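# Breakdown of the fold
Here is what each chain is made of, one letter per residue.
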Amino acid sequence: MVWEIVGPSDIAHKAEIAEEMHEFCMLAEVLDLVSQAAANNEALLMAQELVSNGSARWKDEMNVEKARAAINSCQNEKNGLRLKEMFGSQRQSLL
């Protein structure tokens, strides 16, 4: 799924990356807990990580700004859920 939006760079460890993505897909299928949207979000986050560390590059046909907006939205949602788990639904200032 990640390879639909990024391509490997010269320094990519293709076997390791492919194995990690294969494990993720197998786990998602076995647990049947990952929705299509969640899988897409995880693919975008993985793609961003691969691009950031130089293991991949965005494909030419990919709208990078749109991808980054989706990544930011996904990350904000994940952070909100983590805060809710940590502090409950009523968040109070730590100060």
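Shown above is the structure to which this text applies.
Read on for an overview of the structure. Just so we're clear, the structure is a prediction, and the values are computed from it rather than from any experiment.

What follows concerns the overall build of the protein. From N to C terminus, the protein includes 3 helices and 2 strands. Going from N to C terminus, the protein has its helices and strands arranged as β-α-α-β-α. Burial analysis of the protein (95 residues in total) assigns 25% to the buried set. Sequence-distant contacts, at least 24 apart, represent 70% of the contacts inside the protein between residues at least 6 apart. For the protein, the accessible area works out to roughly 7200 Å², and carbon and sulfur atoms hold 52% of it.

Our next topic: the nonpolar core. Ile5, Val6 and Trp58 are the most contacted members of the largest nonpolar core, which totals 15 residues. Elements with a contribution of two residues or more to this core: helix H2 (36-52), strand S2 (56-58) and helix H3 (64-87). Of the residues forming this core, the biggest block, 6 residues, is contributed by H2. Beyond its immediate chain neighbours, meaning those up to four positions away, Trp58 contacts Ile5, Val6, Ala47, Gln48, Val51, Val64, Ala67, Arg68 and Ile71.

This part takes up the pattern of salt bridges. The full count for this structure, using the stated rule, is 2 salt bridges. Glu42 is paired through a salt bridge with Lys78; the nearest N and O atoms lie 3.2 Å apart. A residue pair is termed long-range when its members are at least 10 positions apart, and Glu42 in helix H2 and Lys78 in helix H3 qualify at 36 residues. What makes Glu42 partly exposed here is its relative accessible area of 30%. Residue classification places Lys78 among the partly exposed positions, given a relative accessible area of 25%. The closest approach of N and O atoms between Arg68 and Glu65, which form a salt bridge, is 3.5 Å. In this pair, Arg68 and Glu65 both sit in helix H3, 3 residues apart, roughly one turn of the helix.

Criteria and cut-off values
- Residues numbered from 1 in each chain as written.
- Predicted model: local features only at pLDDT ≥ 70, side-chain atom pairs only at ≥ 80, totals over all residues.
- Heavy atoms only, no water.
- Helix = DSSP H or I, 4+ residues; strand = E, 2+ residues; numbered from the N terminus.
- Buried < 20%, exposed > 50% of the residue type's maximum accessible area, 1.4 Å probe, protein only.
- Contact = heavy atoms within 4.5 Å.
- Areas by Shrake-Rupley, 256 points an atom, 1.4 Å probe, with all protein chains shown as cover.
- Core = buried A, V, L, I, M, F, W, Y, C linked by side-chain atoms within 4.5 Å.
- Salt bridge = Lys/Arg side-chain N within 4 Å of Asp/Glu carboxyl O.

None of this, on its own, says anything about what the molecule does.
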